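Report on the structure
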Amino acid sequence: MSKTFYVTSPIYYVNDKPHIGHAYTSVACDILARAMRMFEYEVFFLTGTDEHGLKIEKTARSNKIDTKEFVDQVSLHFKEMNTKLNISNDDFIRTTEERHKETAQKVWTKLKENGTIYLDKYSGWYAVRDEAYYAETELVNGKAPTGADVEWIEEPSYFFNLSKWGDRLLELYEKNPNFIQPDSRKNEIINFVKYGLKDLSISRTTFKWGVPVPNDPNHVMYVWLDALTNYLSGIGYCNNEELFNKFWPANVHMIGKDITRFHTIYWPAFLMALDLPVPEKVFAHGWWKIEGEKMSKSLNNVVSPIDMVDKFGVDQVRWFMFRGFPFGNDCDFCNDKVTNMVNSDLADNIGNLVHRSLSMIIKNCSGKVPSNNYNQIETDDNEFINKLYNIDLNDLENKFRNCQFYEIANDIMTLSTNTNCYMNIKAPWKLRKENNEKMEYVLYNVLEAVRHIGIMSRSFIPRSADIILDYLKVPVNERTFCNLKREYALNPGNNIENNIVPVFQKF
Ligand code: MSP
């Protein structure tokens, strides 16, 4: 296999348990990773946890736990989230692992050798919650623009010569218009760079919980420089040249909009300074609110993805997240919305289609794929079946590459709705008495549409889609996008599963 695809999630801070925002980014990566595998790419999907920095050190201290013990515990919650949400990551990187520390130090050494790091003194504002430096002019009422508290710090610090990279960055954005997606986030970044970049403080001396700076152990590396290099350490920058060469540069770094600056300014500048190619795309999605309110501990409205899955089911949660809101926009969580969406889309539309068509076939076609041998085909039959086999796979692949998950989910629903309509108009239950051949033909077409829906939805709702395809007894090696073609159509006379239950329960 020569086509490769590398997708990453951010690595999550382990100062607290995962919430719906974290799950959202990971499921987005998972949908993309599964889809690209179904386009027969060799995919590497990396996720993990960001375990250094003052924020985490302070949280461990306030919990009166040894910092390493604390990060070990919380990191497990993120692994649990992955299992619960059926995330198909290929590796899980933790920044406290040796392979990562080595990489971060190698990066530092290389940046130093390339003359992009110098020692000086830092004085300015720092927000521990954001692990970010802010200029005086950026503060709003004495706080960071994100609302985080800031503290004044003065200490010796190494700097990265970010100010020298402005023109190269602007050139990058201009030559690669899709580097920052969606477009709405691009202008803010371009303006920020055009305004003029300041050199970036990349080490701290007042705490120890970080990767030591090579040859100067009084300093630990700035947590963002440390964290960003996970995208290299996770594919063997230090210890697996073959893997690294296969997957770097990344195709998509999936992130939330709050961390766009780190990924579209600092990260490409570091990479250029390392003489490494930059990623193809950074996609910054919107934020989750809870019934219109910001999600926060103090409002006691933090939504746990684990609880959500326990309540609604994994595919239901995954579906709601990506069919509920255009990817890129902000989202709003509300229990009623989840219930309504999973009922109307999954139970009443797709689920009902699968159940009623299969039940009819089990009853009236001896539980076998019906015959499609019928010679009085009508225009609407032709239209229906042609639409099915004319799905443009290049277009579909581009939609996935551009993270248009909402549009794809809508296409799946259109297909299911149209199939339900086709079945209602053709009313095979009436044909049973008057024209058995035609009934079989109609049911065959419906079954083929069900097969398409199973394949099309497989990256979004993998478990349920596989149940549907299992019901049709579609071989496991015929469930990729290229199997949508006519030559992989179901064979009349083959068995289907005769022991079926509704795929989606109604709430
Ligand atoms: N550790 C850094 C990322 C380093 S990547 C080299 C970090 N971690 S985080 O845990 O705070 O956030 C991780 C991701 O969760 C970010 O993409 C962030 O945007 C996302 N979200 C955090 N809260 C969110 C919502 N309320 N809604 C949607 N996503 C949100 O930043």
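A brief look at the structure comes next.

What counts, and at which threshold
- Residues numbered from 1 in each chain as written.
- Predicted model: local features only at pLDDT ≥ 70, side-chain atom pairs only at ≥ 80, totals over all residues.
- Heavy atoms only, no water.
- Near = heavy atom within 4 Å.
- Polar contact = N/O pair within 3.5 Å; in protein donor to acceptor, adjacent residues only side chain to side chain.
- Areas by Shrake-Rupley, 256 points an atom, 1.4 Å probe, with all protein chains shown as cover.
- Helix = DSSP H or I, 4+ residues; strand = E, 2+ residues; numbered from the N terminus.
- Nonpolar A, V, L, I, M, F, W, Y, C, P; charged D, E, K, R; others polar.
- Buried < 20%, exposed > 50% of the residue type's maximum accessible area, 1.4 Å probe, protein only.
- Pairing = 2+ DSSP bridges.
- Core = buried A, V, L, I, M, F, W, Y, C linked by side-chain atoms within 4.5 Å.
- Contact = heavy atoms within 4.5 Å.
- Phe/Tyr/Trp six-rings, centres within 6.5 Å; stacked < 30°, edge-to-face > 60°.
- Lys NZ or Arg CZ within 6 Å of the ring centre and 35° of its normal.
- Axes fitted to C-alpha atoms, helices over the stretch in contact; angles between N-to-C directions.
- Arc of directions from axis to C-beta.
- Parallel < 35°, antiparallel > 145°, perpendicular 65-115°, else oblique.
- Left-handed = near helix turned anticlockwise from the far one by under 90°.

The ligand sits among 23 residues. The nearest are I11, D50, G256, D258 and W288. In the model, a nitrogen atom of the ligand is placed 2.9 Å from a nitrogen or oxygen of the I11 main chain. Within the backbone of Y13, an N or O atom sits 3.1 Å from an oxygen atom of the ligand. Contact with the protein chains hides 94% of the accessible area of the ligand, taken as 660 Å² for the molecule alone. Listing elements by their share of the shell around the ligand, those giving two or more residues are β1 (4-13), α1 (20-38), α7 (223-228), α8 (230-233) and β11 (252-256). Per element, the largest residue contribution to the shell around the ligand is 4 residues, and it comes from β1. Of the residues that constitute the shell around the ligand, the class distribution is 13 nonpolar, 8 polar and 2 charged.

It is worth spelling out helix α19 (residues 462-471) at this point. The complete set of buried residues in α19 reads P462, S464, A465, I468, L469 and Y471. Trailing α19 by a residue or two, K473 shows a phi angle of about 55°, which is positive.

We now examine the pairing of strand β2 (residues 42-50). Most of β2 sits inside the fold, with 8 of its 9 residues counted as buried. As judged from the 8 bridges shared by β1 and β2, these two strands associate in the parallel manner. Within the sheet, the bridge partner assigned to I11 lies in β2 and is G48. Examined bridge by bridge, β2 and strand β3 (residues 91-94) share 4 bridges and lie parallel to one another. Residue pairing in the sheet places T47 in a bridge with F92 of β3.

This part covers the nonpolar core. Counting residues in hydrophobic clusters, the biggest one holds 182 residues, and the most contacted among them are W248, F400, F405 and F460. Apart from the residues lying within four places of it in its own chain, the contact partners of F400 are I31, L32, A35, F39, F405, I408, S459, F460 and F481.

One pass over the structure, following the stated rule, counts 41 aromatic pairs. The interplanar angle of 10° and the centroid separation of 6.2 Å between the aromatic rings of F244 and W248 together place this pair among those described as stacked. Each of the two residues, F244 as well as W248, counts as buried. Above the ring of Y41, the side-chain terminus of K3 is found at 4.2 Å from the ring centroid. Directly above the ring of F192 sits R261, whose terminal nitrogen or CZ lies 3.8 Å from the centroid.

Moving on, we come to the sheet that holds strand β5 (residues 132-134). Reading across the sheet, the 4 strands line up as β5-β4-β6-β8 and stay open at both edges, with antiparallel pairing between neighbours. Because the sheet does not close on itself, it has two edges, and the strands there are β5 and β8 (200-201). Across 10 bridges, the pairing between strand β4 (residues 117-127) and strand β6 (residues 151-160) is antiparallel. Residue pairing in the sheet places D120 in a bridge with S157 of β6. Here helix α10 (residues 260-273) sits on the sheet and contacts β5, β6 and β8; the angle it forms with β6, its principal contact strand, is near 30°.

Moving on, we come to helix α14 (residues 379-389). All buried positions along α14 are accounted for by D381, F384, I385, L388 and Y389. One side of α14 holds all its buried residues, which, seen down the axis, span an arc of 125°. Summarising the geometry of α14, the exposed residues directed more than 90 degrees from the buried face are T379, E383 and K387.

Looking along the chain, the bond that leaves Q181 and enters P182 is cis, with omega of -10°. As for its position among the elements, P182 is in the loop between β7 (180-181) and α6 (186-194). A cis amide bond links W248 with the next residue in sequence, P249, at an omega value of 5°. Along the chain, P249 turns up in the loop between α9 (241-247) and β11. Residues other than glycine seldom take positive phi values, yet C403 does so here, at roughly 60°. Assignment of secondary structure puts C403 in the loop between α15 (393-401) and α16 (405-426). What makes C403 buried here is its relative accessible area of 2%. You will see that K473, though not glycine, has its phi angle at about 55°, which is positive.

What follows covers the sheet that holds strand β15 (residues 331-333). Spatially, β14-β13-β15 is the arrangement adopted by the 3 strands of the open sheet, whose pairing is mixed. Either end of the sheet is taken by a strand with one partner, and the two such strands are β14 (293-294) and β15. Two elements, strand β13 (residues 288-290) and β15, share 3 bridges in a ladder whose sense is parallel. When the sheet's bridge partners are listed, I290 is paired in β15 with F333. Relative to β13, α1 is tilted by about 145°, and along the sheet it contacts β13 and β15.

Packing of helix α5 (residues 166-175) against α6 leaves a shortest axis separation of 9 Å and a crossing angle of 155°. Between α5 and α6, the angle is such that the two are roughly antiparallel. As α5 runs across α6, the sense of the crossing is left-handed. The residues of α6 that touch α5, namely those facing G166, L169, L170 and Y173, are I189, I190, V193 and K194.

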